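Commentary on secondary and tertiary structure
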Amino acid sequence: MNADHSYRRLYGVRGWTILAAFAAVIFIGFPVFNLAVGPDSTFHISAYWVTLLGKIMCFAIVAIAMDLIWGYAGILSLGHGLFFALGGYAFGMYLMRQIGSDGQYRQPMPDFMVFLDWKEFPWQWFNTDSFLWCAMLVVVVPGVLAYVFGFFAFRSRVKGVYFSIITQALTFAAMLLFFRNATGFGGNNGFTDFRRILDIPIATPQTRMALFAITGATLIGTLLLARWLVTSKFGRVLAAIRDAETRVMFCGYDTLHYKLFVWTLSAVLCGIAGALYVPQVGIINPSEMSPANSIEIAIWVAVGGRGTLAGAALGAGLVNGAKSFFTQAFPEYWLFFLGLLFILVTLFLPQGVLGLISKRKEHA
Amino acid sequence: MSSVAMHPAAREGTTISDLGRVATEGLDLTHGVVLYLEGISVSFDGFRALNDLSLSIDAGELRCVIGPNGAGKTTMMDVITGKTRPDAGTAFFGQTIDLTKLSEAQIAHAGIGRKFQKPTIFERHTVFENLELSMKADKRVRRTLFAKLSSEERDRIGEMLQLIRLNDSTHRIAGLLSHGQKQWLEIGMLLMQEPRLLLLDEPVAGMSDEETERTAELFVSLAGKHSLVVVEHDMAFVSKIARKVTVLHEGGVLAEGPMDLVQNDPRVIEVYLGR
């Protein structure tokens, strides 16, 4: 564990170097080898890889958000997929409005509304043709929900496994709600068939690359923000709450506000990740709110290493990389593999993959 | 009107160490009493942990509280620090602060520090960080996010490290300290809060004789500046530091007075010392 003073800085030379190398790959390597180098070249990076890495970077943002509350504040949420999905739905509404009359029914309303024979937009869709309005919803909807839920849960001092179960129930309830057609978000089909974003066609390589780069920048920004938080005195209070909350209260800190702040921030980060995810993947539906999805987020963080931030992002990459390989090669075995991975990491790598790497360093 | 207008202005110029005074400003010690408990009763599932307990502690006093297991010593501390709400009775800090209405954090801010029976420190933080986190400061989220240690604050932590003799372990992980050192660290953390009243639950449990000796000296030196309430089983320790002793039994005060008087009280001998 850190016994020197270096943890008070954001990153050391090594950390910044790795981050710069990552930035170079995202902002230079991918654009050049995807757009400038033609598909005939062996060095060409195909759209498949751009979309896959873009998707994984969204998950990495979620993993960092999860690590903030689980790794540092000791609060295990099994409902973070909800905040991710809400951000995705909020931005998805804008993308649906951008389709205009180009849907299958050639009507100004989204296809699912035409299908349901709705004549006008329900109240939830107010002003959703505005990009800025929807961008605001991406932040505000998960943020307000998390704040209100967190306020009552933390004020009642709901802790540990009880808190986890309630968050799981919350996302499950939301999933059932979104499955209903009457909720107004396309029922079990959700949103898809997006055409444009900011009036620019969405399926072109250039738009794809722009979304990819924005996601990369958001990921780096999220990592630095989270790192700044945990190296501040606030971060030390947070870790103290995780280890001995009563003592923190008797020191004069109102732990409710500390937990509420980091919990809400975490939810907002998930919402932003969801909003970046939807235009790249091209679909959002209620299955994103399924309890299994939220549990998977916890597994990413556990695999990468709790309380390390960068490890959480790495874990999201490793597990999702393995997932895209497994679901193609042996689709029926993926869940077994995921379960096995979780058991093995819990038993043998309590500090995750990153813990393994830093342990190697100490011995060397 | 003018006082209302002046208040924010007065706050503007405060430094972090001044904020401590802001917090204890409301402590009214006009009658020389720092803590009043009157008629406190607490029941858990029909068991009366405290039964019409009344107790008062003078400003600057060092009071020892003894009593057999289950006498209500820890529950009494829980009531004072806001962890447990009494079913009946009043608890006042100074003349004006009603402890039964405040949260744990507010009570800590008002100037009551508590040491637990089992040393409760931040095991995964360094010794330095333990003292940093407990130091008197504005402990709201926004201030804590941007908090930077001033050199004056560093010096205060340094002085505390000397006092609790942990200056060789400044950057050690606190969980690696010996039991006695953890006890001292927790006492140091309390003192960093600059409390007016210290509640110490079995502070010398697990300490070596030498450490116990030094703790006794420390407590005696703290009395006067602070008020102390020490709950202890170690009779040798109690008789070394005690001026006035309160004996609790079955949730109420059985006897109170100087140690030798209490020791010779036949009721006390019967329930406690005699055994």
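All values reported here derive from a predicted model rather than from experimental measurement.

1. Examining the overall build of chain B
When you go through chain B residue by residue, the secondary structure sums to 12 helices and 10 strands. A buried classification covers 45% of the 275 residues belonging to chain B.

2. A look at the nonpolar core
Core analysis: the biggest nonpolar cluster contains 167 residues, and Ala-60, Ile-61, Val-62, Ala-63, Ile-64 and Ala-273 of chain A have the highest contact counts within it. Per-element tally for this core: the top contributor is helix α2 (residues 47–72) of chain A, with 17 residues. Shared between two domains, this core takes at least three residues from each, and those domains are domain 1 (22–111 + 194–275) and domain 2 (121–193) of chain B. Leave out the neighbours within four places in its chain, and Ile-64 of chain A touches Thr-222, Leu-223, Ala-226, Leu-309, Ala-312 and Ala-313 of chain A.

3. Here we look at the environment of Gly-315 of chain A
Residues and elements named next belong to chain A. Mapped onto the elements, Gly-315 comes out in helix α11 (residues 310–329). C-alpha of Gly-315 to C-alpha of Gly-304: the two residues are 11 residues apart in sequence and 3.7 Å apart in space. Discounting chain neighbours no more than four positions away, the residues touching Gly-315 are Ala-63, Trp-300, Val-301, Val-303, Gly-304, Gly-305, Gly-352 and Val-353.

4. Regarding the confidence of the model for chain B
Residues and elements named next belong to chain B. On average, chain B scores 86 in pLDDT, and the residues at 70 or more come to 89%. For the stretch residues 1–24, pLDDT sits under 50, and the model shows 16 contacts to residues farther than four places along the chain or on other chains. Here the prediction assigns the complex a pTM of 0.89, and the interface score ipTM is 0.88.

5. Re the domain arrangement of chain B
Residue and element names in this part refer to chain B. For chain B, the assigned domains read domain 1 (22–111 + 194–275) and domain 2 (121–193). One C-alpha centre belongs to domain 1, the other to domain 2, and the line joining them spans 25 Å. Taken residue by residue, the interface counts nine residues in domain 1 and seven residues in domain 2. When the residues that make up the side of domain 1 that touches domain 2 are grouped by side-chain class, the tally is five nonpolar, two polar and two charged.

6. Structural notes on the confidence of the model for chain A
In low-pLDDT regions, the fine details of the predicted coordinates are not to be read closely. Residue and element names in this part refer to chain A. Residues at a pLDDT of 70 or more form 96% of chain A, whose mean pLDDT is 93. Looking across chain A, the model is least confident in helix α13 (residues 352–363), with a mean pLDDT of 76, and most confident in helix α5 (residues 131–155), with 98. Confidence drops under a pLDDT of 50 for residues 1–6, and excluding neighbours within four residues, the segment shows nine contacts in the predicted structure.

7. Thoughts on the sheet that holds strand β5 (residues 97–98) of chain B
All names here are of chain B. Reading across from one edge, β2-β1-β4-β5 is the order of the four strands in this open sheet, with antiparallel pairing throughout. Whereas interior strands pair on both sides, the edge strands pair on one side only; in this sheet they are β2 (47–58) and β5. With two bridges joining them, strand β4 (residues 88–93) and β5 adopt antiparallel strand pairing. Within β5, the position partnered with Phe-93 by the bridge is Ile-97. Contacts from helix α3 (residues 73–80) reach β1 (33–44), β2 and β4 within the one sheet, and its direction differs from that of β2 by about 65°.

8. A few points about the sheet that holds strand β7 (residues 197–201) of chain B
Residue and element names in this part refer to chain B. Spatial strand order, β6-β7-β8-β3-β9-β10: six strands in an open sheet with mixed pairing. The open sheet terminates on both sides in strands that have one partner only, identified here as β6 (112–115) and β10 (252–257). Averaged over all pairs of adjacent strands, the angle between their axes in this sheet comes to 20°, without regard to strand direction.

9. Focus: the interface of chain B and chain A
Taken residue by residue, the interface counts 25 residues in chain B and 23 residues in chain A. Contributing elements (two or more residues each) for the side of chain B that touches chain A: α4 (104–110), α5 (127–134) and α6 (141–145) of chain B. For the side of chain B that touches chain A, the element with the highest residue contribution is α4 of chain B, accounting for four residues. Class assignment of the residues belonging to the side of chain B that touches chain A gives a composition of eight nonpolar, 10 polar and seven charged.

10. Here's the deal with unusual backbone geometry
In the Ramachandran plot, Arg-106 of chain A falls in the positive-phi region, its phi being about 55° despite a non-glycine side chain. If you trace the backbone, Arg-106 of chain A turns up in the loop between α3 (80–99) and α4 (111–115). What makes Arg-106 of chain A exposed here is the crowd of 10 C-beta atoms within 10 Å. Look at Asp-45 of chain B: it is not a glycine, yet its phi comes out positive at around 50°. By secondary structure assignment, the location of Asp-45 of chain B is in the loop between β1 and β2. Judged by local crowding, Asp-45 of chain B falls into the exposed class, with 4 C-beta atoms found within 10 Å.

How each quantity is defined
- Residues numbered from 1 in each chain as written.
- Chains lettered and ligands numbered in written order.
- Predicted model: local features only at pLDDT ≥ 70, side-chain atom pairs only at ≥ 80, totals over all residues.
- Helix = DSSP H or I, 4+ residues; strand = E, 2+ residues; numbered from the N terminus.
- Buried ≥ 20, exposed ≤ 12 C-beta atoms within 10 Å, placed from the backbone.
- Core = buried A, V, L, I, M, F, W, Y, C linked by C-beta atoms within 7 Å.
- Domains from an automatic or database assignment.
- Contact = placed C-beta atoms within 7 Å.
- pLDDT = per-residue confidence, 0-100.
- Nonpolar A, V, L, I, M, F, W, Y, C, P; charged D, E, K, R; others polar.
- Pairing = 2+ DSSP bridges.
- Axes fitted to C-alpha atoms, helices over the stretch in contact; angles between N-to-C directions.

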